[in-house]
Amino acid sequence: MKPVLAALALLFVGSCGHSPPTRFFTLDPVPPARPPLRHGLAPLQIGAVHIPATLDRPEFVTHSAANRLTLSERDQWAAPLAELIGNALARDLTARLPQGSVIPANAVAPSNARILTLDVLALSVSATGISFQARWSLLAPDKSRPLLSRDVTLTTSGGSATAAQATGLSRLVGELADSIAASLS
């Protein structure tokens, strides 16, 4: 009986498949399209970044067909997507604005710091490309009123590989930073 149980145990263990390892993705900073601004600006700090609830998950989400989303079992974001977008935007703006203009999100900001908020209205990632629609607002230091607000729609070609799509989203956040820097100058 023991040899039969041992053989069954070996057969069971041998038949257990291994799932592929989980791959984690992040957003990287993108070099500016123009040289950085040199003149002084009041400091700004990245405030809230809001993303649609359909994307607010660790799994990589792609649009596979009209009204259909696919969540990857293997590919995940290394942190919440809103946090990754906010961090990438802060790094991209730091490369585009005068030194010391961008205050890190978790740092204590001076009393004259303006707050930059970002509302991602739509983000569509597919095998053919990425579409990014957002509204950003620059709030007064007391957060009582917007000083400036802009709607942006950005697109880029993509690929079916998740790494290419993450790179494409990084490029779009860089283009957003270029647009914000141009509006602030």
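Shown above is the structure to which this text applies.
Computed from a predicted model, the values in this text were never measured in an experiment.

Caption draft 1: Up close: the side chain of Thr156. Along the chain, the position of Thr156 falls in strand β8 (residues 146-157). By relative accessible area, which is 15% here, Thr156 ends up buried. A distance of 3.1 Å separates polar atoms of two side chains, one belonging to Thr156 and the other to Arg171.

Caption draft 2: Quick peek at the nonpolar core. Leu89 and Leu93 are the most contacted members of the largest nonpolar core, which has 44 residues in total. Put simply, the parts of the chain that give this core at least two residues each are β2 (44-50), β3 (59-65), α2 (81-96), β6 (114-125), β7 (129-139), β8 and α3 (162-184). With nine residues, α3 is the largest single contributor of residues to this core. Excluding its chain neighbours within four sequence positions, the residues that come into contact with Leu89 are Ile46, Leu116, Leu118, Val173, Leu176, Ala177 and Ile180.

Caption draft 3: Quick peek at the sheet that holds strand β4 (residues 68-77). Reading across from one edge, β1-β4-β3 is the order of the three strands in this open sheet, with mixed pairing throughout. Here the strands that pair on one side only, and so sit at the sheet edges, are β1 (23-25) and β3. Along the sheet, successive strands turn relative to each other by an average axial angle of 55°, direction set aside.

Caption draft 4: Spotlight on the packing of aromatic side chains. Counted by the stated rule, this structure contains two aromatic pairs. Arranged with centres 4.8 Å apart and planes meeting at 35°, the rings of Phe60 and Trp77 form a pair that is tilted. Taken together, the residues span a long stretch of sequence, with Phe60 in strand β3 and Trp77 in strand β4 at a distance of 17 residues. As far as the burial class goes, Phe60 and Trp77 line up, both buried. Through a chain of ring-to-ring contacts, the aromatic side chains of Phe25, Phe60 and Trp77 assemble into a single cluster.

Reading the values: rules and limits
Once a new chain begins, its residue numbering starts again from 1 and follows that chain's sequence as written. With pLDDT at 70 or above as the cut-off, local features in this predicted model cover only qualifying residues; side-chain atom pairs require 80 or more to be listed or tallied, and sums for whole chains, interfaces and linings still use all residues. The basis for every side-chain value is the complete set of non-hydrogen atoms in the structure, without hydrogens or water. Under the scheme used here, helices are H or I runs from DSSP no shorter than 4 residues and strands are E runs no shorter than 2 residues, and both carry numbers assigned from the N terminus. Classification of residues uses two cut-offs on accessible area relative to the type maximum, computed with a 1.4 Å probe and protein chains only: under 20% is buried, over 50% is exposed, and between them is partly exposed. Counting of polar contacts relies on pairs of N or O atoms within 3.5 Å, with two restrictions inside protein: one atom must be capable of donating a hydrogen and the other of accepting it, and residues adjacent in sequence are counted only when both atoms are side-chain atoms. Here, nonpolar core refers to any group of buried Ala, Val, Leu, Ile, Met, Phe, Trp, Tyr and Cys residues whose side-chain atoms link them within 4.5 Å. Only heavy atoms matter for contacts: two residues are in contact if any of them lie within 4.5 Å across the pair. Whether two strands pair comes down to DSSP finding at least two bridges between them. Comment: axis = line fitted to C-alpha atoms, over the contacting stretch for helices; angle = value between 0 and 180 degrees taken between N-to-C directions. When two rings of Phe, Tyr or Trp (its six-membered ring) have centres within 6.5 Å they constitute a pair, described as stacked for plane angles under 30 degrees, edge-to-face for angles over 60, and tilted for the intermediate range.

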